[in-house]
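Spelled out from the first residue to the last, the chains are:
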Amino acid sequence: EKQQSLLLESAARFPPPKGVRLSYGTAGFRADASLLESTVFRVGILAALRSLKTGSVIGLMITASHNKVADNGIKVADPSGGMLTQDWEPFSDAIANAPDPHSLLQLITEFVKKEEIGFEGRQLAEVLLGRDTRPSGEALLEAAKQGITSIIGAIGTDMGVVTTPQLHWMVRARNRGLEASESCYFHQLSTSFRCLMDLKPEEISKNGNDATLVVDGADGVGGEKLEQFKKMLTGLCIEVRNRGDGILNEGVGADYVQKEKVAPRSFGSADAGLRCASLDGDADRLVYFSVLSKKNNNIELVDGDKILSLFALFIKEQLSILNEGEGKKGNDSYQARLGVVQTAYANGASTDYLNEMGLEVVLTPTGVKYLHEKAAEFDIGIYFEANGHGTILFSEAFLCWLETSHKTLLSTSEGSAKQKAASRLLAVSQLINQAVGDALSGLLLVEVILKYMGWSIHRWNELYHDLPSRQLKVKVVDRTAVLTANAETVAVQPIGIQEAINAEIAKYPRGRCFIRPSGTEDVIRVYAEATSQDAADALASSVAKLVD
Ligand code: NG1
Ligand code: ZN
């Protein structure tokens, strides 16, 4: 009773915008910030319910990532620190679009019953809240808080301005009984980074790549945090540009750099040859690049696929050091299953390269929620979207084995190659964010591996040569008219469109092309690949015409 009137009363303060339909999409709700108050309020309710249901801390992040500054959005972090379970997405869509407080209350009542959520008001539900640097963030965070507290017994804890991965990390930490503060996050990352730096081969430490890393902060939260964090990092020199003086994501950031393949604002030919990296607006994406000397603004792009390849190479090497000579005995050895997960946007050359390495490569639909889920099936699962979102997941079973054998190695053969390999893998599992893709932790791992290999960014980029590709977006009246299958590589609707696409692909040697509806924007995306840039461009634009 009391609960019902509290919900009705607070919902009345957040009427939904008229004539707008919102959907949870690839990564939570996103729209122009002015449309989002009621949605964010309602997702606050959902988060409180999720916390009651799971008996764990839940996270809410207010961000629109790489989208323009006027947009905003909200993502939910589940108890593990990962994305909200997909089972709850239909409910989130339904409540976001409920026309009035009464229909909202009805949806909630039905759902609470169906999910058997205890509602005595005695349990304590807690939601950690974070936001990026968008000016609309503060008001939206307040709306989310009001949603949370309209469930009796639920509280919202404001973690302030944080990166998306920091918030996910904090949720995971809290649910493991650890302290969830920014300083703990920085401490864990810097300690494991230091450990990996100390474990690099001696002969390499002298001729490695010691030049400064120049980072584009996308004028968002990531640049700010890195500027603060870099003081805690020894052995790595970082210069952060685009730290928030310019407009967020405008001509800057990982999305811009990866899609346009040009240098971001404040980078130019004077930086030619330097090792540079770019974060996105909420610092969950990372790409590297190097400005080419001759033509201004042209870059050599080192994208998520290549970060994935570098990580896979390093992990595979450590695993084979660990397993050396263990094959036949089989007593103490553990055949760790190493797998990599990509989407259809992965450059074909990267998939070939990973296959040649003998790795198991799995393809999933776009969206970290799908990649993460797949990667979690391996002992060590590495996933990356081409756009730079990804991480490495370690299974509990493998970590447990690794810790035990590391202890044994320390007592029997301290300083041996095997002991060092085990230390490195343990440090990687501490450094790389286990909750979600994290540009800051990914950046530190890239840096340490480059040092370990003694590689420059150019040497790294030479791992394989990207096939020329082109991405286009086509504005359509109804993007839901396109339905896909086989990890989005085939369009099954509208009927006949795939045949027409195939006919275009057939005109180009090594041509590959697919279309899919975006989950974050009102567009159909077209991706094409071929042996020359002209061919990739032509293939993309002829398929874009089919969609239009
Ligand atoms: P959509 O709009 O569904 O293509 C985009 C990215 C995803 C993912 C999400 C969430 C591409 C082609 N798509 O999704 O990979 O990062 O945004 O941010 O880059
Ligand atoms: Zn992002």
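As the structure is a computational prediction, the values presented were derived from the model and not from experiment. (Residues numbered from 1 in each chain as written. Chains lettered and ligands numbered in written order. Predicted model: local features only at pLDDT ≥ 70, side-chain atom pairs only at ≥ 80, totals over all residues.)

Engineer: Mind laying out the environment of D271, listing which residues take part and the relevant values?
Structural biologist: Topologically, D271 is positioned in the loop between α10 (254–260) and β8 (275–279). Judged by local crowding, D271 falls into the partly exposed class, with 18 C-beta atoms found within 10 Å. The spatial distance from the C-alpha of D271 to the C-alpha of G367 is 33 Å, given a sequence separation of 96 residues. With residues near it in sequence (within four places) discarded, D271 still touches V214, C276 and V291. (Helix = DSSP H or I, 4+ residues; strand = E, 2+ residues; numbered from the N terminus. Buried ≥ 20, exposed ≤ 12 C-beta atoms within 10 Å, placed from the backbone. Contact = placed C-beta atoms within 7 Å.)

Engineer: So, the nonpolar core: which residues are in play, and what are the values?
Structural biologist: Core analysis: the biggest nonpolar cluster contains 131 residues, and A48, V127, A144, F311 and I382 have the highest contact counts within it. Sort the elements by how many residues they give to this core and helix α16 (residues 439–453) lands first, with ten residues. Among all residues touching I382, those that are not within four sequence positions of it are L308, F311, A312, I315, V340, A375 and I392. (Core = buried A, V, L, I, M, F, W, Y, C linked by C-beta atoms within 7 Å.)

Engineer: I'd like to hear about helix α7 (residues 182–198), residue by residue, with values.
Structural biologist: Residue pairs three or four apart in sequence face the same way in an α-helix, which turns once every 3.6 residues. For α7, which comprises 17 residues, the first-to-last C-alpha distance of 24 Å matches the rise-based estimate of 24 Å (1.5 Å per residue) to within 8%. Within the sequence span of α7, burial applies to Y185, L189, S192, F193 and L196. Projection of α7 onto a plane perpendicular to its axis shows the buried side chains occupying an angular sector of 105 degrees, all on one side. The outward face of α7, more than 90 degrees from its buried face, is lined by the exposed residues S183 and D198. Tucked into the core, α7 has its buried residues touching α6 (164–175), α15 (417–431) and α16. (Expected span 1.5 Å × (residues − 1). Arc of directions from axis to C-beta.)

Engineer: How would you explain the packing of helix α1 (residues 2–12) against helix α4 (residues 101–114) if you had to name every residue and give the values?
Structural biologist: Relative to each other, α1 and α4 sit at 135 degrees, their axes nearing to 9 Å. It follows from the interaxial angle that α1 and α4 lie oblique. For the element pair α1 and α4, the recorded crossing hand is right-handed. From α1, Q4, L7, L8, A11 and A12 reach across to α4, where they touch P101, L104, L105 and I108. (Axes fitted to C-alpha atoms, helices over the stretch in contact; angles between N-to-C directions. Parallel < 35°, antiparallel > 145°, perpendicular 65-115°, else oblique. Left-handed = near helix turned anticlockwise from the far one by under 90°.)

Engineer: Residue-level account of helix α13 (residues 368–375), with values.
Structural biologist: Regarding α13, the residues found buried are V368, Y370, L371, H372 and A375. Looking at the packing, one finds that the buried side of α13 touches β11 (338–342), β13 (380–384) and β14 (390–394).

Engineer: Please give an account of the sheet that holds strand β9 (residues 286–291) that cites residues and values.
Structural biologist: Strand order in this open sheet of five strands is β7-β6-β8-β9-β10, and the pairing throughout is mixed. Here the strands that pair on one side only, and so sit at the sheet edges, are β7 (238–241) and β10 (299–302). Shown here is a sheet whose adjacent strand axes are inclined to one another by a mean of 25 degrees, direction ignored. With four bridges joining them, strand β6 (residues 213–216) and β7 adopt parallel strand pairing. Bridging from a neighbouring strand, V214 pairs with E239 of β7. Relative to β9, α16 is tilted by about 55 degrees, and along the sheet it contacts β6, β8 and β9. (Pairing = 2+ DSSP bridges.)

These results come straight from atomic positions and should not be treated as a statement about function.
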